[in-house]
Amino acid sequence: MAHALGHNTYGKSGVHLVVVDRDASPHTVVDLTVDIRLEGDFGAAHTDGDNTAVVPTDTMRGTVFAFARAKPVGAPEEFGLRLARHFVDTVPAVQAARVGLRSTQWTRIGGDHPTAFVADTSVIRTADVRVGVGGAEVGAGVADVAVLKTADSGFSDFFADAYTTLADTDDRLLATRMTADWRYRAVDVDWNAAATEVQSVLLRSFADHHSASLQHTLYAMGGAVIDQCDDVADIHLLLPNVHHLLVDLTPYGLDNDNRVFVATQEPYGVIEATVVRDGG
C-alpha cells in the first residue's frame with residue numbers, strides 16, 4: 001500500500017527555566033516552562049533517516065537557557081517571540097516555530113522579604129507564540145484558575161427526558177476552574193499590562209454576572225473581554241463545572257438551606273466556546 005509523510009513537527013517540551021535577578025533590590029524571580037515546536041523541511045529525517053536538516057532538541061533546550069542569560073527575559077510573550085524568531089531566522093529548514101510558555105508567579109514572603117518567596121499558583125499565566133514566513137501571531141492566557149460564587153447563579157428550564165433526575169434551581173453554588181486563551185491583534189502590545197487587564201475583566205465579569213447557566217456566564221465573560229480589551233482579537237474559554245452538591249443532613253436531624261456542600265471531582269460537565277469580534 002502506498003503511503004506518504006503528512007504534516008509533521010517536532011521540538012522540546014518541559015524546559016523549566018528559573019531566572020534570579022541578583023542585581024535587583026529586592027531580588028526578582030522569573031519561572032517559565034517552555035515548549036518548542038518546529039515545522040519545515042524535515043521530511044528526509046522521517047523517510048530516509050537523513051538528519052542533516054534537523055536541529056537537535058537538546059540544542060533547543062540550550063538555546064532557552066542561553067537566551068535567558070544573554071538579556072532580561074521580560075514578559076513570557078516577549079521571550080517566546082525572541083526564541084521563535086531565532087529558530088526561523090537561523091535554521092535553514094525551519095519554516096515556522098511555535099513556542100508555548102507557562103509562567104508561575106513568585107511573591108515575596110510577608111509581602112516585602114527581599115530574598116524569600118512563595119509560589120502563587122492561583123493564576124498560571126500562559127503564552128503561545130508562532131512565527132512563520134507570513135509573520136508572527138501572539139496569544140496569551142491563564143490556566144486552571146479556581147473561581148466560585150455563592151449567589152446569583154441558577155440552572156432551570158432545561159431539556160428533560162426519562163433519564164433526567166436533576167431538579168431546577170435558581171440558587172446554586174457555581175464553581176469552575178477557568179482556562180482562557182486569547183489572541184492579540186498585534187505583536188507590539190504591552191504584554192504585562194494587557195494580560196493583567198484581561199484577567200481582571202474575566203474575574204470581574206464572573207463575579208458580577210447573574211448566571212442562568214455556565215454557558216451564559218462563559219459568553220458574558222468572553223464578551224466583556226472583547227468589549228473592554230481592544231488588543232484582543234478573540235478569546236477561548238474552557239470551564240469545567242466543579243459540582244458542589246448539597247449534603248443531606250436529615251439523618252442527623254438538621255436542615256441544609258444551601259450551606260453545606262460536598263465538592264465532587266468526577267464526573268463533571270465541560271463548557272467550552274470561543275467569543276469573537278463581530279465580523280471576524
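Refer to the preceding data block for the structure.
Residues numbered from 1 in each chain as written. Predicted model: local features only at pLDDT ≥ 70, side-chain atom pairs only at ≥ 80, totals over all residues. Heavy atoms only, no water.

(A) Region of interest: the nonpolar core. Core analysis: the largest hydrophobic core is formed by 61 residues, its most contacted members being Val-34, Leu-38, Phe-79, Trp-182, Tyr-184, Leu-202 and Ile-235. Ranked by the residues each element gives to this core, the list is headed by helix α4 (residues 191-208), at 7 residues. When residues no more than four places from it in sequence are discounted, the contact partners of Trp-182 are Gly-139, Ala-140, Gly-141, Val-142, Ala-195, Val-198, Leu-202, Val-232, Asp-234 and Ile-235. (Core = buried A, V, L, I, M, F, W, Y, C linked by side-chain atoms within 4.5 Å. Buried < 20%, exposed > 50% of the residue type's maximum accessible area, 1.4 Å probe, protein only. Helix = DSSP H or I, 4+ residues; strand = E, 2+ residues; numbered from the N terminus. Contact = heavy atoms within 4.5 Å.)

(B) Region of interest: unusual backbone geometry. Following Ser-25, the chain continues into Pro-26 via a peptide bond in cis, with omega recorded as 5°. Counting through the fold element by element, Pro-26 comes out in the loop between β1 (10-21) and β2 (28-40). A cis amide bond links Glu-266 to the next residue, Pro-267, at an omega of -10°. Tracing the sequence through the fold places Pro-267 in the loop between β9 (261-263) and β10 (269-276). In this model, Asp-157 sits at a positive phi of 60°, which is unusual for a non-glycine residue. The topology assignment puts Asp-157 in the loop between β5 (135-149) and β6 (174-184). Given a relative accessible area of 72%, Asp-157 falls into the exposed group.

(C) Local environment of the pairing of strand β7 (residues 232-241). Taking burial as the measure, the 10 residues of β7 include 8 buried ones, the bulk of the element. Bridge count for β6 against β7 is 7 bridges, and the pairing is antiparallel. Looking at the pairing, Trp-182 lines up with Ile-235 of β7. Relative to β10, β7 runs antiparallel, the two sharing 8 bridges. (Pairing = 2+ DSSP bridges.)

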